[in-house]
Each structure stands twice: as C-alpha cells, then as structure tokens.
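# A structural walkthrough
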Amino acid sequence: MSPPVAPPGWSRWLVPPAALSVHLSIGQAYAWSVFKPPLESALGLSGTQSALPFQLGIVMLGLSAAFGGTLVERNGPRWAMTVALICFSSGFLLSALGAATEQYWLIVLGYGFVGGIGLGIGYISPVSTLIKWFPDRPGMATGIAIMGFGGGALIASPWSAQMLESFGSDSSGIALAFLVHGLSYAVFMLLGVLLVRVPRSEKPVESAPSAFDGPQVSARNAVRTPQFWCLWVVLCMNVTAGIGILEKAAPMITDFFKETSTPVSVSAAAGFVALLSAANMAGRIGWSSTSDLIGRKNIYRVYLGVGAVMYGLIALFGDSSKPLFILCALVILSFYGGGFATIPAYLKDLFGAYQVGAIHGRLLTAWSTAGVLGPLIVNWIADRQEDAGKSGSDLYSLSFMIMIGLLVVGFVANELVRPVSARHHIPAPREAADVTARQQSESA
C-alpha cells in the first residue's frame, strides 16, 4: 500500500484528526481496569491474572513499535493505520470469543498479544507524518495526536462501564461488550485510514523550514549513538515516575489519608483518578506545545527536575495537606503525559525527520521497561512495608525517594545530550527524494 499523497490545496490540519481517530481508539488500553472485576468474578481469576492482558499489551506495544518502526516508515501512515485497525479490532473480537467460551487464554492472546501489536503500530503510525506536515511546530503536532492516547480512557471507561451495566457482567455480557468495542473502534479508526495523507513536497508550508533541514540520521545509525541511549534513559525515568502514581492512584490517596481527620472515600478516590487522567491528557498537548517555544532540552529539565521536587513534597508533607498531595500528583502526571508527547520532536531535533518514526518505535522499549519497573517499585515496597507493620504514607516514603533518584538520573542523562556526530549523518535522505519524485511524477 503506497502512502497517499495530498492533492494540491490539501489542508495539513486534516492530518491531526486522522491521527486522533487512531490514538483515541487505542487509548482504550488505559481503561482495562473497568473489565478486571467482572472478569475476576465471571471466570474466577485473581487480580494478577486479570491484569495479564493489559501487561502483555503494553509489552507488545513496545516490541511491535520497535520492530515495526522501519516498516511504518517504508510503507507509510495509511498502511500502519490499517495494520493497527486490523490487529486492535481483531484483538477485541478474539477476546469476545474467549469470554463467550470462558477460555481466558483467548482473551490474553486477543487483547494482549494481537491487540498489543495494534497498540504499538497504531501509536507510531502518525508520528513521522505529523512532523513532516508541521516542521514549524512538531511538538504541538505530535502532542495533539498523543494527547488522544492519554484521553482515550476518558471516553472508554464510562462507555465500557455502561455497556457492562446494560449487557450484564457475566461472561456473555463481557463478550458482547468486547464485540461492540471491536466493531466500533474498527469504524472509528477507518476514518483515520481514509483521511491521512503525506505531504507533496519537503515544504508543505512555504514560510516554514523543511522537515529535512539539518542533519539526518537513519534508524540503524541512531541506535549506535549515545544521544539515543541518553533519551532512552530520559524517557524510561520520566515514565517510571509517572506510572508509579498512575497505576496505584486510588489506593495510594486512600492510604495517605486513612489515619487522618479527612479520610478519602471510594468515590473521591475515583474522582482523583479521573483528575490524573485529565492532567495526563492536558500535559501532552500543553507541555509539548511549550517545548516548541523553549526547546526540548529545557522542557525535559522541567519534567525531571520539577518532578523530583514534586515527589519530595509529597513524601515530606503529602499526608498533612490533601490539596498539596493532589496538586503535586497532577503536576507529575502532566509531566508524564508531556514526556510522551515531546519525545518525537526531541528525536526529530537530534536525528532529523528521516526515519524518525522508526527511531521513535525503538525508543518506546523504554516505555515497556518503565511499565514493569514503576508498578513493581511502588507495589513491592508497599507490600514489604505493610508486612513490617507500617501504614498510611509510610507505605510509600521509600518508593518516592527511589523515584526522586530515578528522576535525577534522567535529569543527568538529559544534560549529556549533545548534537549527533557528523559521522552518523546520511548525505541525502532517501525519503525526501521519494517525496520529490512523487510530486514530479504527479505533475508530469
């Protein structure tokens, strides 16, 4: 499937909605927790077992993005969105079959493995194209799309809960909900497939610089540079710090204020989780757009440096002030989302637009690592502290200190980022030549 070239007069502002249709769909992954209690009840699963599809999905996201990034660059955004649509929707259909027949391994295979491939390919599918359409504002452009991934759960959570209430929370009701998800997301993602276009030339906006200005580095060369691995550490540390709160948000705020005069109710804890999701979503567009003004290195100084301060404030004073706890957590989650949205533009600044999607895919292995590391640190330490007879904020003090240390490591890695050595540059990006050739052939 050849990448569809935009006709003359095509508005570049039609590309972000195409990207959003995919990212809002695959962002459903953050709403998996809605299905956990019904699955545990209907199929007799433990909490660890019911989390397996989500965990496998995140692992497959990183792996498929890493291994499929070059294919995405070669075949274009329409091919990538089509693959994402097929895998993500098929994952739900397989899960529906698994729930209907009470074969949990089919749900793990469908949602986790097959759907996880759709997550990874879908996540990186629009990145390179958006950067080429918006060379003047790459942070804003990728922020709009990746905002959708953070905000997908705001739509999927109440929608899924309503379906389970209407269809029932037994195995047949869960199966029907999975079926509706698979079919609905297929239609919604199809909008992106039909709408996406690549620019006709290197300069889609005459007043803006070309996306191919400056040094260009292939994906193969990029992973051999210290800059790539510095950014891998930066992303891994930032995500680990954010997901450490996100994964355990409701029980965490409950534990912090359980022994105070203002305990947190179950409904209030759920509201806190919704606030964190909103901060995650807002940070993706807000902070990434800010990076276009102050620079990528500076914005990561904010994410990592101020994030460490926020963790310190929670650890020292969080249990004495509920507004302080909530404010610091919201800031940390906005940095978590902003880090995801800004990293593609940071990669473009260092390595150029040539194969930036493939480089981004390889870098997302940092997310897979952080997705295991963050929850492991917070949950394992909390369990050990509880076994030692501690409670309240004492369950988390040590893990928060570790998070501060990890953010400092990320801060140092960001400071070590320098321009890429000329020996890694390629003389003439093949992709730029391909775009020009297509333009000439169409006008002939």
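Placed above this text is the structure.
The residue numbering used here restarts from 1 in each chain and proceeds along that chain's sequence as written. Local features in a predicted model are, by the rule used here, given only for residues with pLDDT of at least 70; side-chain atom pairs are given and counted only at 80 or more, and totals for whole chains, interfaces and linings are based on all residues. Values shown for side chains rest on all heavy atoms present in the structure; no hydrogens or waters enter the calculation.

### Quick word on the overall build of the protein chain
To be explicit about the condition: Numbering of helices and strands runs from the N terminus, with a helix taken as a DSSP run of H or I at least four residues long and a strand as a DSSP run of E at least two residues long. A 1.4 Å probe rolled over the protein chains alone gives each residue an accessible area, and that area as a share of the maximum for its type sets the label: buried under 20%, exposed over 50%, partly exposed in between. Residue contacts follow a heavy-atom distance rule, with two residues in contact if any of their heavy atoms lie within 4.5 Å. Here the Shrake-Rupley method, with its probe set to 1.4 Å, supplies the accessible areas, and only the displayed protein chains count as covering residues. Within this scheme the basic residues Lys and Arg register as positive and the acidic residues Asp and Glu register as negative, but His and the chain ends are omitted. A single reference atom marks each charge: NZ on Lys, CZ on Arg, CG on Asp, CD on Glu.
Helix and strand counts for the protein chain come out as 18 helices and zero strands. Based on the C-alpha atoms only, the size of the protein chain along its principal axes is roughly 75 × 50 × 35 Å. Counting the 444 residues in the protein chain, one finds 56% classified as buried. Long-range contacts, defined here as pairs at least 24 residues apart, represent 84% of the contacts in the protein chain between residues at least 6 apart. Working note: accessible area of the protein chain is about 16800 Å², and carbon and sulfur atoms make up 66% of it. In the protein chain, the 26 positive side-chain charges and the 23 negative ones have mean positions that sit 11 Å from each other.

### Description of helix α17 (residues 397-415)
Spelled out, the test is: Expected span of a helix, by definition, is 1.5 Å for each gap between consecutive residues, and there is one gap fewer than residues.
Spanning 19 residues, α17 covers 27 Å between terminal C-alpha atoms, matching the ideal 27 Å at 1.5 Å per step. Where α17 is concerned, the buried positions are Ser399, Phe400, Met403, Ile404, Leu406, Leu407, Gly410, Ala413 and Asn414. Close packing links the buried residues of α17 with α10 (226-246), α11 (249-257), α13 (296-317), α14 (322-351) and α16 (365-387).

### Describing α14
Filter applied, for reference: Given a residue, its bend is the angle between the two axes fitted to the seven residues that end at it and to the seven that start from it. Definition of a polar contact: a pair of N or O atoms within 3.5 Å, with one able to donate and the other able to accept a hydrogen when the atoms are protein atoms, and with sequence-neighbouring residues admitted only if both atoms are side-chain atoms.
Over its 30 residues, α14 runs 43 Å from end to end, which matches the ideal 44 Å to within 8%, given 1.5 Å per residue. Threonine 342 marks the point of greatest bend in α14, at about 35 degrees, and the proline proline 344 comes within the next four residues. Among the 30 residues that make up α14, 22 are buried, leaving the element largely enclosed by the rest of the structure. If you check the start of α14, you find a side-chain oxygen 3.3 Å away from the backbone N of leucine 324, and it comes from serine 321.

### As for a nonpolar patch on the surface
To keep things clear, this is the line we draw: Residues enter patches when they are more than 30% accessible in relative terms and free of salt bridges; like-charged ones are connected within 9 Å and nonpolar ones (Val, Leu, Ile, Met, Phe, Trp, Tyr) within 5 Å. Salt bridges, as used here, are contacts in which a Lys or Arg side-chain nitrogen is within 4 Å of a carboxyl oxygen on Asp or Glu.
A cluster of nonpolar side chains, contributed by Val59, Leu63, Phe67, Val372, Leu376 and Trp380, occupies part of the molecular surface with about 620 Å² of accessible area. For the nonpolar patch, the elements supplying multiple residues, two or more each, are α3 (47-75) and α16. Tracing the chain through its elements places phenylalanine 67 in helix α3.

### With respect to the packing of aromatic side chains
We apply this condition: Here a pair means two rings of Phe, Tyr or Trp (six-membered ring of Trp) with centres within 6.5 Å. Their orientation is stacked below 30 degrees between planes, edge-to-face above 60, and tilted elsewhere.
Enumeration according to the criterion identifies 30 aromatic pairs in this entry. Taking 4.9 Å as the distance between ring centres and 85 degrees as the angle between the ring planes, the aromatic pair formed by phenylalanine 228 and tryptophan 229 counts as edge-to-face. By relative accessible area, which is 1% here, phenylalanine 228 ends up buried. On the basis of relative accessibility, which here comes to 46%, the residue tryptophan 229 falls in the partly exposed class. When the ring of tyrosine 300 is compared with that of tyrosine 303, the centres are 4.9 Å apart and the planes differ by 85 degrees; the resulting orientation is edge-to-face.

### Digging into the packing of helix α7 (residues 138-167) against α14
Going by this rule: Helix axes are fitted only over the stretch in contact, all axes being lines through C-alpha atoms; the angle between N-to-C directions runs from 0 to 180 degrees. Each angle is binned into one of four classes, with values under 35 degrees roughly parallel, values over 145 roughly antiparallel, values of 65 to 115 roughly perpendicular, and all other values oblique. The crossing is said to be left-handed when, going from far helix to near helix, the turn is anticlockwise and less than a right angle, and right-handed when the turn is clockwise. Under the scheme applied here, ten amino acids are nonpolar (Ala, Val, Leu, Ile, Met, Phe, Trp, Tyr, Cys and Pro), four are charged (Asp, Glu, Lys and Arg), and all others, including Gly, are polar.
Axis separation between α7 and α14 bottoms out at 8 Å; the angle between their running directions is 140 degrees. For the element pair α7 / α14, the angle class is oblique. Crossing angle aside, the handedness with which α7 passes α14 is right-handed. Here Pro138, Gly139, Thr142, Gly143 and Ile146 of α7 come into contact with α14, specifically with Phe340, Ala341, Pro344 and Ala345. Split by residue class, the contact of α7 with α14 holds six nonpolar, three polar and no charged.

### Things to note about the side chain of histidine 23
As for its placement among the helices and strands, histidine 23 is situated in helix α1 (residues 15-26). Looking at histidine 23, the relative accessible area reads 0%, which means it is buried. Among the polar contacts made by the side chain of histidine 23, one reaches the main-chain carbonyl oxygen of alanine 145 at a distance of 3.4 Å. Apart from residues lying up to four places away in sequence, histidine 23 is in contact with Gly122, Tyr123, Pro126, Ala145, Ile146, Gly148 and Phe149.

### Quick notes on unusual backbone geometry
For glutamate 102, which is not glycine, the phi dihedral falls at a positive 55 degrees. With respect to the helices, strands and loops of the structure, glutamate 102 is situated in the loop between α4 (77-101) and α5 (104-124). The residue glutamine 355 is not glycine, and still its phi comes out positive at about 60 degrees. Tracing the chain through its elements places glutamine 355 in the loop between α14 and α15 (356-363). We classify glutamine 355 as buried; its relative accessible area is 12%.

### Some details on the nonpolar core
Rules: We define the nonpolar core as a collection of buried residues of types Ala, Val, Leu, Ile, Met, Phe, Trp, Tyr and Cys that are connected through side-chain atoms lying within 4.5 Å of one another.
In this structure, Tyr123, Phe178, Ile245, Tyr311, Phe340, Phe351 and Trp367 are the most contacted members of the largest nonpolar core, which totals 122 residues. Counting residues per element, this core draws most heavily on α14, which supplies 14 residues. If we skip the residues at most four places from it in the chain, isoleucine 245 touches Met252, Leu276, Tyr311, Ile314, Ala329, Ile332 and Leu333. Core analysis: the second largest hydrophobic core is formed by twelve residues, Ala6, Leu20, Phe134 and Ile144 among them.

### Notes on the environment of alanine 269
Here alanine 269 is to be found in helix α12 (residues 266-294). Each C-alpha atom of the pair alanine 269 and glycine 118 lies 31 Å from the other, and the pair is 151 residues apart in sequence. Each residue touching alanine 269, except ones within four places of it in the same chain, is listed here: Ala250, Ile253, Thr254 and Val264.

### Re the pattern of salt bridges
All chains considered together, the criterion is met by nine salt bridges. The shortest N-O distance in the salt bridge between glutamate 73 and lysine 132 comes to 3.7 Å. Of this pair, glutamate 73 sits in helix α3 while lysine 132 sits in helix α6 (residues 127-133); the two residues are 59 residues apart in sequence, bridging distant segments of the chain. With relative accessibility at 11%, the residue glutamate 73 sits in the buried group. Classification of lysine 132 as buried rests on a relative accessible area of 10%. The salt bridge involving lysine 258 is made with aspartate 255; its shortest N-O contact spans 3.6 Å. On the accessibility criterion, lysine 258 (54% relative accessible area) is exposed. Members of the salt-bridge network, linked through shared partners, are Arg12, Asp136 and Arg137.

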